[in-house]
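Structural overview
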Amino acid sequence: MTTRILIADDQEDIRSGFRLILDSQPDMTVVGEAADGESAVALARELLPDVVLADIRMPRLDGLEVTRLLAPQTRVVVVTTFDLDEYVHTALRNGACGFLLKRSGPALLIEGVRAAMAGDTLISPQITVRLLSRLTQAGPVAARPAAHPLTEREVDIVQLVARGLTNAEIGAELFISAGTAKTHIANVQAKLGARNRVGIAAWAWEHGVAKAEADTL
């Protein structure tokens, strides 16, 4: 299957660069471009792309509002120059399937699209490390291992999610399939009331579950 992508960015050179990167992939094609948020929403509803790449700072509607209007029916990956925590939190709260920095390079852009299609949420590593390190500096909540609702295998999954691993990487680490990892993550989200993988990671750090993995970040 070919992943159909809509690019929304007010800079023509950025749109052209993204198109070149994505169209070079055998399983991806760019079906449209938008220079402002309103056009992005209208085109997404007309073209029904699989993934929308949305900049944050655009005329008429910004990328955060575009995300709110399109998600979850449409997978939206925010791709921006600005890595403010407020933007990250709002984008994920609005249903974004990823938050990438433009300076992260073409490989991560491609990986972000594939992660969104696989049901993963990919965030640029530098943002993930910063957010989790701040949770660590604040200190974990008093740990009560027996009180949390997770099984031993689910704790293993949570620790790997907190390290930013994808479903495929978690599967390889635990010798299970990516599909099984995805099922475990869905169960963990339901038990913890987490909206996405970042919520799982935040819970892990706040409760000391990920403390053993700190040196790997």
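From a predicted model like this one, the values you see are computed outputs, not experimental measurements.

On to the overall build of the chain. Each helix and strand counted, the chain has 10 helices and 6 strands in total. Within the chain, contacts between residues separated by at least 24 positions form 61% of all contacts whose residues are at least 6 apart in sequence. For the chain, the accessible area works out to roughly 10500 Å², and carbon and sulfur atoms hold 54% of it.

On to helix H5 (residues 106-117), then. Along its 12 residues, H5 runs 17 Å from first to last C-alpha, staying within 8% of the 16 Å computed at 1.5 Å per residue. Taken together, the buried positions of H5 are occupied by Leu108, Leu109, Ile110, Gly112, Val113, Ala115 and Ala116.

What follows deals with unusual backbone geometry. Ala71 connects to Pro72 through a cis peptide bond whose omega is 0°. In this structure, Phe175 is a non-glycine residue whose phi angle is positive, near 60°. Along the chain, Phe175 turns up in the loop between helix H8 (167-174) and helix H9 (178-192). The class for Phe175 is exposed, based on a relative accessible area of 78%.

What follows deals with the packing of helix H7 (residues 152-162) against H9. With their axes 10 Å apart at the nearest point, H7 and H9 run at an angle of 95° to one another. As summarised for this structure, H7 and H9 are arranged roughly perpendicular, according to the angle between their axes. Counted together, Arg153, Glu154, Ile157, Val158 and Val161 of H7 and His184, Ile185, Asn187, Val188 and Lys191 of H9 form the full contact between these two elements. Class assignment of the residues belonging to the contact of H7 with H9 gives a composition of 5 nonpolar, 2 polar and 3 charged.

Before going further, it helps to examine the confidence of the model for the chain. Residues at a pLDDT of 70 or more form 86% of the chain, whose mean pLDDT is 85. Within the model, pLDDT remains below 50 along residues 212-217, and this stretch shows 8 contacts once partners closer than five positions in the same chain are excluded.

Direction of pairing for strand S1 (residues 3-8) relative to strand S2 (residues 28-34): parallel, over a ladder of 6 bridges. Residue pairing across strands places Ile7 opposite Glu33, the latter belonging to S2. Each parallel crossover has a hand, and the one from S1 via helix H1 (residues 12-23) to S2 is right-handed.

This part covers the environment of His184. Tracing the backbone through its elements, the reader meets His184 in helix H9. Judged by relative accessible area, which is 19%, His184 ranks as buried. Taking the C-alpha atoms as reference points, His184 and Glu154, separated by 30 residues in sequence, lie 6.5 Å from one another. Those residues in contact with His184, other than ones at most four positions away along the chain, are Arg153, Glu154, Ile157 and Ile176.

With that settled, consider the packing of aromatic side chains. One pass over the full model with this rule turns up 0 aromatic pairs. Of note, Arg57 hangs over the ring of Phe82, and the distance from its end group to the ring centre comes to 3.7 Å.

Okay, the nonpolar core next. Core analysis: the largest hydrophobic core is formed by 23 residues, its most contacted members being Leu150, Ile157, Val158, Ile170, Ile200, Trp203 and Ala204. Contact partners of Ala204, with chain neighbours within four places excluded, come to Val158, Ala162, Val209 and Ala210. Among the nonpolar cores identified, the runner-up in size contains 19 residues, and Ile7, Val77, Val79 and Cys97 belong to it.

To summarise the sheet geometry, strands pair through backbone hydrogen bonds and adopt either a parallel or an antiparallel arrangement. Spatial ordering of the open sheet is given by S2-S1-S3-S4-S5-S6, a layout of 6 strands whose pairing is parallel. Whereas interior strands pair on both sides, the edge strands pair on one side only; in this sheet they are S2 and strand S6 (122-123). Bridge analysis of S1 against strand S3 (residues 51-54) gives 4 bridges, and the strand direction is parallel. Its bridge partner lying in S3, Ile7 is registered against Leu53.

Basis of the calculations
- Residues numbered from 1 in each chain as written.
- Predicted model: local features only at pLDDT ≥ 70, side-chain atom pairs only at ≥ 80, totals over all residues.
- Heavy atoms only, no water.
- Helix = DSSP H or I, 4+ residues; strand = E, 2+ residues; numbered from the N terminus.
- Contact = heavy atoms within 4.5 Å.
- Areas by Shrake-Rupley, 256 points an atom, 1.4 Å probe, with all protein chains shown as cover.
- Expected span 1.5 Å × (residues − 1).
- Buried < 20%, exposed > 50% of the residue type's maximum accessible area, 1.4 Å probe, protein only.
- Axes fitted to C-alpha atoms, helices over the stretch in contact; angles between N-to-C directions.
- Parallel < 35°, antiparallel > 145°, perpendicular 65-115°, else oblique.
- Nonpolar A, V, L, I, M, F, W, Y, C, P; charged D, E, K, R; others polar.
- pLDDT = per-residue confidence, 0-100.
- Pairing = 2+ DSSP bridges.
- Right-handed = clockwise from strand over helix to strand, strands pointing away.
- Phe/Tyr/Trp six-rings, centres within 6.5 Å; stacked < 30°, edge-to-face > 60°.
- Lys NZ or Arg CZ within 6 Å of the ring centre and 35° of its normal.
- Core = buried A, V, L, I, M, F, W, Y, C linked by side-chain atoms within 4.5 Å.

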